[in-house]
Amino acid sequence: MKWLKRLVLCVLMTVFLFAVVIAANSVVNVDIRIQGEQVKNISEKEMKEWAAPDMKMLDYYGLGEFSTTLPVVYLNTKGQQILKENKIFGTVALLEADENGQSVFQIPNSIHSASINYRGASSYSEFDKKQYKIKFYDNKLSEEKNVSLAGMGRSSEWVLNGPYLDKTLMRNKLCYDLARELNGWAPDSRFVEVFTDGRYEGVYLAVEAITNGDSRLRLSKFSLLSGECAYIVNRNRLGTEINDLETYGYVNGYTNNTLYLTYPSENKVTVRQRDYIQRDISQFEEILYGEYFTDSNLGYETYIDMDNWVDYFIINEVSMNHDAGNLSTYIYKELGGDLQLAVWDFNNSFDNYQWFSVTKDEFNTVENSWMNRVCQDRVFVDRVVERYKELRKSTFSDEHIQEMIDSYRQQLGDSAERNFAVWGYSFEENLLVGDKQDGSPRDAGSHEEAIEHLENAIHSRLGYLDENIDILYKYCKN
């Protein structure tokens with residue numbers, strides 16, 4: 001009888017184990033790893049929230065099922081309308097890059113709860129291809145969640161910049177990468193392909209938002225009893241953001257547009273902290289626009305990180321970024337530290353402004369907020385001239401910049417062609433009003449022609465600066 005009981009027990013155990021295997025296989029067991037750390041497995045329920053590519057839409061654009069070497073971001077709004085002013089909550093699925101290529105129908109590596117909203121100013125109101133801001137949360141939407149996007153450092157806040165006016169798809173990438181070789185912090189970025197609710201959106205640039213955090217600015221998270229704290233502010237058009245500051249420069253007409261407080265955030269900043277930040281910037285501006293602003297002991301130099309400001313000025317002049325200082329201008333300060341500038345938004349750089357052509361034979365930022373004053377100081381101009389000549393042998397050498405452009409061509413591969421299968425009609429819209437200096441049209445007829453325009457603009461601009469960087473001395477008042 002004992003042998004019979006053992007036999008029955010073995011049979012029951014076999015049936016049980018078989019049932020366990022079947023149950024286990026009902027879950028899509030994807031070994032999801034981000035930077036070597038196992039995150040989670042994707043269940044069938046989560047698979048329904050993936051928002052897989054819409055095959056009919058792909059066929060409509062003549063793409064069909066395709067493979068890509070780039071990371072892929074799948075946004076799922078769960079049927080909600082995406083807005084700019086208010087966030088919606090959906091999911092974001094991430095497929096990591098594969099140098100050998102993989103189908104966009106491949107099961108993603110991870111799925112996360114996230115808020116999604118549009119961002120941008122002119123790009124939001126005038127361009128069909130929208131920009132996205134996403135913020136990751138835990139599944140209960142109660143706490144922000146740090147996630148690695150496209151292999152970059154973990155953070156909860158990210159920007160998906162969709163090049164529409166920039167037919168090269170690479171202006172922002174080029175300038176951010178160049179800035180990362182200079183003094184101060186600059187955002188990391190990666191080319192990705194994006195789907196929204198299964199609809200193919202083309203090539204985007206995933207960019208680190210200018211925020212605080214371990215993989216970002218790493219500013220202090222505490223403040224003194226007086227309210228003194230680390231902070232981030234952003235200069236932009238009046239009424240475009242919230243939590244504006246009325247500083248000395250703005251009130252007295254020395255600066256353009258408005259400064260907005262972005263860190264600490266509106267729902268976390270205290271009254272004392274806000275008062276301190278407004279007072280701290282005002283004190284700097286009083287010195288900057290005061291009679292003794294060039295004094296080496298009491299002047300503006302004692303408030304800023306000079307190396308950072310010099311490099312910020314140079315990269316914006318090299319790239320012909322007409323807005324630097326007035327728009328999309330980020331300033332940050334560590335507790336007890338100096339004012340520093342963070343680069344942002346080069347979509348219009350290298351003569352790519354929509355409504356006017358920026359000539360390659362003039363300086364673009366010398367009349368903008370704060371820049372108009374520091375350029376009146378011979379010490380600052382001396383540093384700029386010396387540093388520019390030094391950087392022309394390294395970061396801003398023709399060879400180095402061309403190598404970067406060639407590497408972006410390789411990274412984009414076939415994705416540029418897919419992008420313009422969706423957005424190619426924009427080539428026919430004459431988005432860039434006005435002609436080049438030689439009378440030829442600025443609008444490119446193809447992706448490759450746009451890259452050629454960019455290369456020519458870079459070559460011409462650097463040639464002008466090589467011969468005329470000393471012209472900056474004419475702005476000096478000492």
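Residues numbered from 1 in each chain as written. Predicted model: local features only at pLDDT ≥ 70, side-chain atom pairs only at ≥ 80, totals over all residues. Heavy atoms only, no water.

**Here we look at the overall build of the protein**
Point 1. Scanning the protein from N- to C-terminus turns up 13 helices and 16 strands.
Point 2. When the 478 residues of the protein are sorted by exposure, 53% land in the buried category.
Point 3. Taking the intrachain contacts of the protein between residues at least 6 apart in sequence as the baseline, contacts between residues at least 24 apart amount to 69%.
Point 4. Summed over all atoms, the accessible surface of the protein reaches about 22,200 Å², with 49% contributed by carbon and sulfur. (Helix = DSSP H or I, 4+ residues; strand = E, 2+ residues; numbered from the N terminus. Buried < 20%, exposed > 50% of the residue type's maximum accessible area, 1.4 Å probe, protein only. Contact = heavy atoms within 4.5 Å. Areas by Shrake-Rupley, 256 points an atom, 1.4 Å probe, with all protein chains shown as cover.)

**Section: the packing of aromatic side chains**
Point 1. In the structure shown here, the tally under the stated rule is 28 aromatic pairs.
Point 2. For the ring pair Y74 and F195, a centre distance of 5.6 Å and an interplane angle of 15 degrees mean the geometry is stacked. A residue pair is termed long-range when its members are at least 10 positions apart, and Y74 in strand 4 (residues 72-76) and F195 in strand 10 (residues 189-196) qualify at 121 residues. Judged on exposure class, the residue Y74 and its partner F195 are both buried.
Point 3. Taken together, W50, F66, Y74, F195 and Y200 form an aromatic cluster joined through their ring pairs. (Phe/Tyr/Trp six-rings, centres within 6.5 Å; stacked < 30°, edge-to-face > 60°.)

**Points about unusual backbone geometry**
Point 1. Note the cis peptide between Y263 and P264, where omega equals 0 degrees.
Point 2. Within the secondary structure layout, P264 lies in the loop between strand 14 (258-263) and helix 7 (271-288).
Point 3. We note that D197 has phi near 50 degrees; this positive angle belongs to a residue other than glycine.
Point 4. Structurally, the position occupied by D197 is in the loop between strand 10 and strand 11 (199-208).

By themselves, these are just geometric observations and shouldn't be taken as functional.
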